Amino acid sequence: MGENEYYEMAAKGRQEQQEPKPYSTSSNNASKPECNKPDKYDDEMEKGELIKKSIKERLWRAEMEEGLDKEEFYVVSMVYFGHTVEGTYIPAELSVVKFNLKCGVIDQFHIHVSCEKLPLCVAHQAKEHALNTHGLPLPPYALGVANYDAISSNLLTFLQVKEEIPPLFTDAKQVSIVKNMLTTILGHHIKNKPLHISSVADLFFEMKQGAEMHMMSMTVFPSVKAAQEILDKDEFYDTRNICCEYHEALSLHDECALSKCMRWAYTISANCCLEMTIDLIPGRHVPFGFVDRPHLRHRYS
(Lines give C-alpha, C1' and ligand atoms only; values in the text may rest on other atoms or scores of the structure.)
Protein backbone atom coordinates (compact mmCIF):
# COMPACT_ATOMS: atom_id res chain seq x y z
CA MET A 1 0.00 0.00 0.00
CA GLY A 2 1.38 3.43 -0.91
CA GLU A 3 1.77 6.22 1.61
CA ASN A 4 -1.03 8.32 0.05
CA GLU A 5 -3.46 5.40 0.21
CA TYR A 6 -2.55 4.81 3.83
CA TYR A 7 -3.33 8.37 4.90
CA GLU A 8 -6.51 8.45 2.83
CA MET A 9 -7.61 5.41 4.82
CA ALA A 10 -6.77 7.28 8.00
CA ALA A 11 -9.13 10.09 6.98
CA LYS A 12 -11.94 8.09 5.33
CA GLY A 13 -11.81 4.70 6.96
CA ARG A 14 -11.44 5.74 10.59
CA GLN A 15 -13.74 3.80 12.88
CA GLU A 16 -16.17 5.45 15.28
CA GLN A 17 -13.97 7.23 17.77
CA GLN A 18 -13.31 5.26 20.93
CA GLU A 19 -10.29 5.38 23.17
CA PRO A 20 -8.37 2.18 22.39
CA LYS A 21 -7.28 -0.16 25.15
CA PRO A 22 -3.50 -0.53 25.32
CA TYR A 23 -2.29 -3.92 24.10
CA SER A 24 0.90 -5.64 23.08
CA THR A 25 1.77 -7.36 19.82
CA SER A 26 4.95 -9.09 20.87
CA SER A 27 3.24 -12.49 20.55
CA ASN A 28 -0.17 -14.04 20.08
CA ASN A 29 -0.38 -14.76 23.78
CA ALA A 30 1.06 -11.44 24.89
CA SER A 31 -0.61 -9.86 27.86
CA LYS A 32 -1.31 -6.24 28.65
CA PRO A 33 1.35 -4.24 30.46
CA GLU A 34 1.61 -5.34 34.09
CA CYS A 35 -0.91 -3.62 36.31
CA ASN A 36 0.31 -1.34 39.05
CA LYS A 37 0.94 -3.13 42.31
CA PRO A 38 -1.49 -2.23 45.14
CA ASP A 39 1.03 -0.15 47.09
CA LYS A 40 1.96 1.86 43.99
CA TYR A 41 -1.73 2.27 43.14
CA ASP A 42 -2.47 3.55 46.65
CA ASP A 43 0.45 5.97 46.36
CA GLU A 44 -0.92 7.35 43.08
CA MET A 45 -4.40 7.69 44.63
CA GLU A 46 -2.93 9.61 47.55
CA LYS A 47 -1.05 11.91 45.17
CA GLY A 48 -4.29 12.46 43.22
CA GLU A 49 -6.13 13.49 46.36
CA LEU A 50 -3.35 15.88 47.30
CA ILE A 51 -3.56 17.49 43.85
CA LYS A 52 -7.33 17.92 44.21
CA LYS A 53 -6.86 19.50 47.63
CA SER A 54 -4.21 21.86 46.26
CA ILE A 55 -6.53 22.94 43.43
CA LYS A 56 -9.28 23.81 45.90
CA GLU A 57 -6.91 25.72 48.16
CA ARG A 58 -5.41 27.53 45.19
CA LEU A 59 -8.83 28.62 43.90
CA TRP A 60 -10.05 29.85 47.28
CA ARG A 61 -6.79 31.75 47.79
CA ALA A 62 -7.12 33.29 44.33
CA GLU A 63 -10.70 34.37 45.08
CA MET A 64 -9.55 36.12 48.26
CA GLU A 65 -6.62 37.83 46.57
CA GLU A 66 -6.55 38.81 42.87
CA GLY A 67 -9.70 36.93 41.91
CA LEU A 68 -10.65 33.47 40.72
CA ASP A 69 -11.12 34.75 37.17
CA LYS A 70 -7.42 35.67 36.85
CA GLU A 71 -6.00 32.32 38.01
CA GLU A 72 -4.21 30.59 35.12
CA PHE A 73 -4.27 26.85 34.36
CA TYR A 74 -2.68 24.47 31.86
CA VAL A 75 -4.51 21.62 30.12
CA VAL A 76 -2.44 19.03 28.23
CA SER A 77 -3.26 16.39 25.64
CA MET A 78 -0.95 13.84 24.02
CA VAL A 79 -1.25 11.33 21.19
CA TYR A 80 0.89 8.20 21.01
CA PHE A 81 2.08 5.82 18.30
CA GLY A 82 1.92 2.75 20.52
CA HIS A 83 3.48 1.21 23.61
CA THR A 84 6.07 -1.42 24.41
CA VAL A 85 5.45 -4.62 26.36
CA GLU A 86 6.96 -2.87 29.38
CA GLY A 87 4.30 -0.15 29.16
CA THR A 88 6.38 2.70 27.74
CA TYR A 89 4.24 4.88 25.46
CA ILE A 90 5.85 6.43 22.39
CA PRO A 91 4.65 10.05 21.91
CA ALA A 92 3.43 11.34 18.56
CA GLU A 93 1.82 14.70 19.40
CA LEU A 94 1.82 17.09 22.35
CA SER A 95 -0.25 20.16 23.07
CA VAL A 96 -0.74 22.43 26.08
CA VAL A 97 -3.21 25.32 26.37
CA LYS A 98 -2.97 28.07 28.99
CA PHE A 99 -6.24 29.72 29.99
CA ASN A 100 -8.18 31.51 32.70
CA LEU A 101 -11.80 32.60 33.06
CA LYS A 102 -11.15 36.29 32.51
CA CYS A 103 -9.35 35.97 29.16
CA GLY A 104 -10.23 32.45 28.01
CA VAL A 105 -7.42 30.86 26.00
CA ILE A 106 -4.26 32.88 26.58
CA ASP A 107 -1.62 30.86 24.77
CA GLN A 108 -1.04 27.45 23.19
CA PHE A 109 1.85 25.04 22.66
CA HIS A 110 1.76 22.34 20.00
CA ILE A 111 4.31 20.00 18.48
CA HIS A 112 4.39 16.71 16.59
CA VAL A 113 6.87 14.30 18.12
CA SER A 114 8.88 12.03 15.85
CA CYS A 115 11.24 9.10 16.26
CA GLU A 116 13.55 7.36 13.80
CA LYS A 117 12.10 3.90 14.15
CA LEU A 118 9.42 2.06 16.10
CA PRO A 119 10.30 -1.15 17.96
CA LEU A 120 9.19 -4.24 16.00
CA CYS A 121 6.72 -5.20 18.73
CA VAL A 122 5.02 -1.80 18.34
CA ALA A 123 4.83 -1.46 14.54
CA HIS A 124 1.58 -3.38 13.93
CA GLN A 125 -0.39 -1.91 16.83
CA ALA A 126 0.86 1.57 15.87
CA LYS A 127 -0.51 1.17 12.33
CA GLU A 128 -3.89 -0.01 13.60
CA HIS A 129 -4.01 2.72 16.24
CA ALA A 130 -3.19 5.43 13.69
CA LEU A 131 -5.89 4.21 11.28
CA ASN A 132 -8.50 4.11 14.04
CA THR A 133 -7.61 7.39 15.73
CA HIS A 134 -5.08 10.14 15.08
CA GLY A 135 -4.14 9.32 11.44
CA LEU A 136 -0.57 10.63 11.83
CA PRO A 137 2.16 9.18 9.59
CA LEU A 138 4.35 6.61 11.31
CA PRO A 139 8.14 6.52 11.64
CA PRO A 140 10.29 6.80 9.63
CA TYR A 141 7.85 9.21 7.94
CA ALA A 142 6.56 10.78 11.17
CA LEU A 143 6.07 14.52 11.40
CA GLY A 144 7.73 16.84 13.83
CA VAL A 145 10.73 16.88 16.14
CA ALA A 146 12.65 13.85 17.39
CA ASN A 147 14.99 15.75 19.72
CA TYR A 148 13.50 15.42 23.22
CA ASP A 149 15.93 18.00 24.62
CA ALA A 150 14.62 20.61 22.19
CA ILE A 151 11.01 19.71 22.95
CA SER A 152 11.69 19.86 26.70
CA SER A 153 13.32 23.26 26.47
CA ASN A 154 10.42 24.74 24.52
CA LEU A 155 7.79 23.14 26.75
CA LEU A 156 9.39 24.25 30.03
CA THR A 157 9.74 27.77 28.62
CA PHE A 158 6.05 27.76 27.69
CA LEU A 159 5.12 26.57 31.20
CA GLN A 160 7.30 29.33 32.66
CA VAL A 161 9.05 26.84 34.92
CA LYS A 162 11.39 28.40 37.45
CA GLU A 163 11.30 26.18 40.51
CA GLU A 164 8.22 23.97 40.22
CA ILE A 165 6.36 22.62 37.19
CA PRO A 166 2.77 23.89 37.37
CA PRO A 167 -0.02 21.30 37.74
CA LEU A 168 -1.22 19.92 34.40
CA PHE A 169 -4.71 18.60 33.61
CA THR A 170 -5.73 16.02 31.03
CA ASP A 171 -8.36 13.41 30.19
CA ALA A 172 -9.07 11.30 33.29
CA LYS A 173 -8.48 8.08 31.33
CA GLN A 174 -5.14 9.33 30.06
CA VAL A 175 -3.51 10.68 33.22
CA SER A 176 -1.02 7.82 33.67
CA ILE A 177 -0.28 7.62 29.93
CA VAL A 178 0.38 11.36 29.63
CA LYS A 179 2.61 11.26 32.71
CA ASN A 180 4.46 8.29 31.19
CA MET A 181 5.19 10.18 27.97
CA LEU A 182 6.02 13.53 29.58
CA THR A 183 8.44 11.84 31.96
CA THR A 184 10.16 10.21 28.98
CA ILE A 185 10.40 13.47 27.04
CA LEU A 186 11.47 15.69 29.93
CA GLY A 187 13.95 13.18 31.32
CA HIS A 188 16.82 14.87 33.16
CA HIS A 189 15.31 18.32 32.54
CA ILE A 190 12.88 17.92 35.42
CA LYS A 191 15.57 16.59 37.80
CA ASN A 192 13.82 16.34 41.19
CA LYS A 193 10.84 18.45 40.18
CA PRO A 194 7.57 16.55 40.77
CA LEU A 195 5.25 16.18 37.79
CA HIS A 196 1.67 16.71 39.00
CA ILE A 197 -0.98 15.62 36.50
CA SER A 198 -4.67 15.35 37.31
CA SER A 199 -7.92 15.14 35.37
CA VAL A 200 -9.61 18.05 33.61
CA ALA A 201 -12.82 16.97 35.37
CA ASP A 202 -11.21 17.62 38.77
CA LEU A 203 -10.23 21.13 37.65
CA PHE A 204 -13.64 21.78 36.07
CA PHE A 205 -15.47 20.72 39.24
CA GLU A 206 -13.42 22.95 41.52
CA MET A 207 -13.65 25.94 39.14
CA LYS A 208 -17.40 25.53 38.81
CA GLN A 209 -17.89 25.38 42.57
CA GLY A 210 -15.57 28.34 43.02
CA ALA A 211 -17.56 30.35 40.48
CA GLU A 212 -20.83 29.45 42.23
CA MET A 213 -19.41 30.56 45.59
CA HIS A 214 -18.35 33.83 43.97
CA MET A 215 -21.89 34.48 42.68
CA MET A 216 -24.15 33.20 45.47
CA SER A 217 -21.95 32.09 48.40
CA MET A 218 -23.08 28.49 48.00
CA THR A 219 -22.51 25.56 45.64
CA VAL A 220 -25.01 23.43 43.72
CA PHE A 221 -22.75 21.72 41.20
CA PRO A 222 -22.76 18.18 42.58
CA SER A 223 -19.61 16.25 41.71
CA VAL A 224 -16.56 15.48 39.61
CA LYS A 225 -18.75 12.86 37.89
CA ALA A 226 -21.12 15.62 36.72
CA ALA A 227 -18.14 17.58 35.38
CA GLN A 228 -16.90 14.49 33.53
CA GLU A 229 -20.35 13.93 31.98
CA ILE A 230 -20.31 17.45 30.54
CA LEU A 231 -16.80 16.94 29.18
CA ASP A 232 -17.83 13.61 27.66
CA LYS A 233 -20.68 15.29 25.77
CA ASP A 234 -17.94 17.33 24.07
CA GLU A 235 -20.16 20.18 22.93
CA PHE A 236 -17.44 21.56 20.64
CA TYR A 237 -16.09 18.29 19.19
CA ASP A 238 -16.64 19.33 15.55
CA THR A 239 -15.17 22.83 15.87
CA ARG A 240 -13.04 23.81 12.89
CA ASN A 241 -9.82 25.80 12.86
CA ILE A 242 -8.70 24.98 16.40
CA CYS A 243 -6.47 22.02 15.56
CA CYS A 244 -3.09 21.60 13.88
CA GLU A 245 -2.77 21.98 10.11
CA TYR A 246 -2.35 18.25 9.57
CA HIS A 247 -5.52 17.20 11.38
CA GLU A 248 -7.44 20.14 9.94
CA ALA A 249 -6.53 19.04 6.41
CA LEU A 250 -7.79 15.50 7.10
CA SER A 251 -10.86 16.71 9.02
CA LEU A 252 -9.71 14.75 12.08
CA HIS A 253 -10.71 17.62 14.34
CA ASP A 254 -11.70 15.54 17.34
CA GLU A 255 -8.46 13.50 17.33
CA CYS A 256 -6.01 16.42 17.41
CA ALA A 257 -4.24 17.03 20.72
CA LEU A 258 -4.46 20.81 20.26
CA SER A 259 -8.17 20.64 19.49
CA LYS A 260 -8.83 18.60 22.65
CA CYS A 261 -7.08 21.19 24.81
CA MET A 262 -8.98 24.04 23.18
CA ARG A 263 -12.30 22.23 23.64
CA TRP A 264 -11.63 21.59 27.33
CA ALA A 265 -10.84 25.27 27.87
CA TYR A 266 -13.98 26.26 25.95
CA THR A 267 -16.19 23.87 27.91
CA ILE A 268 -14.96 25.11 31.28
CA SER A 269 -15.27 28.75 30.22
CA ALA A 270 -18.77 28.32 28.78
CA ASN A 271 -19.93 26.69 32.00
CA CYS A 272 -18.20 28.93 34.55
CA CYS A 273 -18.13 32.47 33.14
CA LEU A 274 -21.84 33.14 33.75
CA GLU A 275 -21.38 33.00 37.53
CA MET A 276 -18.36 35.29 37.24
CA THR A 277 -20.35 37.78 35.09
CA ILE A 278 -17.76 37.43 32.34
CA ASP A 279 -18.86 37.94 28.74
CA LEU A 280 -17.81 35.11 26.45
CA ILE A 281 -15.25 36.22 23.87
CA PRO A 282 -15.46 34.29 20.56
CA GLY A 283 -12.25 32.42 19.88
CA ARG A 284 -11.10 32.78 23.49
CA HIS A 285 -13.91 31.42 25.69
CA VAL A 286 -15.92 29.69 22.98
CA PRO A 287 -15.50 28.97 19.25
CA PHE A 288 -16.17 31.67 16.67
CA GLY A 289 -19.81 31.55 15.62
CA PHE A 290 -20.90 30.03 18.93
CA VAL A 291 -24.55 30.54 19.79
CA ASP A 292 -25.33 29.94 23.45
CA ARG A 293 -27.79 27.09 23.94
CA PRO A 294 -29.74 26.48 27.16
CA HIS A 295 -28.69 22.83 27.39
CA LEU A 296 -25.03 23.86 27.56
CA ARG A 297 -25.49 25.52 30.94
CA HIS A 298 -26.40 22.69 33.26
CA ARG A 299 -28.64 23.35 36.24
CA TYR A 300 -28.78 21.30 39.40
CA SER A 301 -31.28 21.44 42.20
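Values in this document were obtained by computation on a predicted structure and should not be read as measured data. (Residues numbered from 1 in each chain as written. Predicted model: local features only at pLDDT ≥ 70, side-chain atom pairs only at ≥ 80, totals over all residues. Heavy atoms only, no water.)

Trainee: Tell me about the overall build of the protein, and please be specific about residues and values.
Mentor: Helix and strand counts for the protein stand at nine helices and five strands. Ordered by position in the sequence, the α and β elements of the protein form the string α-α-β-β-β-α-α-β-α-β-α-α-α-α. Buried positions account for 48% of the 301 residues belonging to the protein. Within the protein, residue pairs in contact and separated by at least 24 positions form 69% of the contacts whose partners lie at least 6 positions apart. Counting only carbon and sulfur atoms, one obtains 51% of the accessible surface of the protein, whose full area is about 15700 Å². (Helix = DSSP H or I, 4+ residues; strand = E, 2+ residues; numbered from the N terminus. Buried < 20%, exposed > 50% of the residue type's maximum accessible area, 1.4 Å probe, protein only. Contact = heavy atoms within 4.5 Å. Areas by Shrake-Rupley, 256 points an atom, 1.4 Å probe, with all protein chains shown as cover.)

Trainee: Tell me about unusual backbone geometry, and name the residues and values.
Mentor: Note that the residue after P139, namely P140, is joined by a cis bond; omega there is 10 degrees. Counting through the fold element by element, P140 comes out in the loop between helix 3 (120-132) and helix 4 (148-158). In this model, S217 sits at a positive phi of 55 degrees, which is unusual for a non-glycine residue. Inspection of the secondary structure puts S217 in the loop between helix 6 (200-216) and helix 7 (224-233). Backbone geometry places D234, a non-glycine residue, at a positive phi of 50 degrees. With relative accessibility at 14%, the residue D234 sits in the buried group.

Trainee: Describe helix 9 (residues 257-272), with residues and values.
Mentor: Helix length check: helix 9 (16 residues) gives 23 Å between terminal C-alpha atoms against 22 Å at 1.5 Å per residue, within 8%. Most of helix 9 is tucked away, with 15 of its 16 residues classed as buried. (Expected span 1.5 Å × (residues − 1).)

Trainee: Give a description of the packing of helix 6 against helix 7 that names residues and reports values.
Mentor: Helix-helix packing is described using two parameters, namely the angle between the two axes and the distance between the axes. At a minimum axis separation of 8 Å, helix 6 and helix 7 run at an interaxial angle of 115 degrees. When the axes of helix 6 and helix 7 are compared, the pair comes out roughly perpendicular. Crossing handedness for the pair helix 6 and helix 7: right-handed. Residues V200, A201, D202, F204 and F205 of helix 6 form the contact with helix 7, whose participating residues are V224, A227, Q228, I230 and L231. (Axes fitted to C-alpha atoms, helices over the stretch in contact; angles between N-to-C directions. Parallel < 35°, antiparallel > 145°, perpendicular 65-115°, else oblique. Left-handed = near helix turned anticlockwise from the far one by under 90°.)

Trainee: Describe the packing of aromatic side chains, listing the residues and the values that go with them.
Mentor: Scanning the entire structure with this criterion turns up nine aromatic pairs. Their ring planes at 35 degrees and their centres at 5.8 Å tell us that F204 and F221 sit as a pair that is tilted. Placement of F204 in helix 6 and of F221 in the loop between helix 6 and helix 7 is noted, with a sequence separation of 17 residues between them. Take F204: its relative accessible area is 0%, and that puts it in the buried class. (Phe/Tyr/Trp six-rings, centres within 6.5 Å; stacked < 30°, edge-to-face > 60°.)

Trainee: Could you give me a rundown of a nonpolar patch on the surface, with the residues and numbers involved?
Mentor: Nonpolar side chains collect at one region of the surface, where M213, M215, M216 and M218 lie side by side and expose about 340 Å² of accessible area between them. Within the secondary structure, M218 is located in the loop between helix 6 and helix 7. Given a relative accessible area of 44%, M218 falls into the partly exposed group. (Patch = residues over 30% accessible without salt bridge, like charges linked within 9 Å, V, L, I, M, F, W, Y side chains within 5 Å. Salt bridge = Lys/Arg side-chain N within 4 Å of Asp/Glu carboxyl O.)

Trainee: Outline the pairing of strand 3 (residues 104-112), supporting the account with residue identities and numerical values.
Mentor: For strand 2 (residues 89-100) and strand 3, the ladder comprises eight bridges, and the chain directions are antiparallel. From the neighbouring strand, E93 faces strand 3, where its bridge partner is H112. Connecting strand 2 to the next strand, strand 3, in antiparallel fashion are three residues. (Pairing = 2+ DSSP bridges.)

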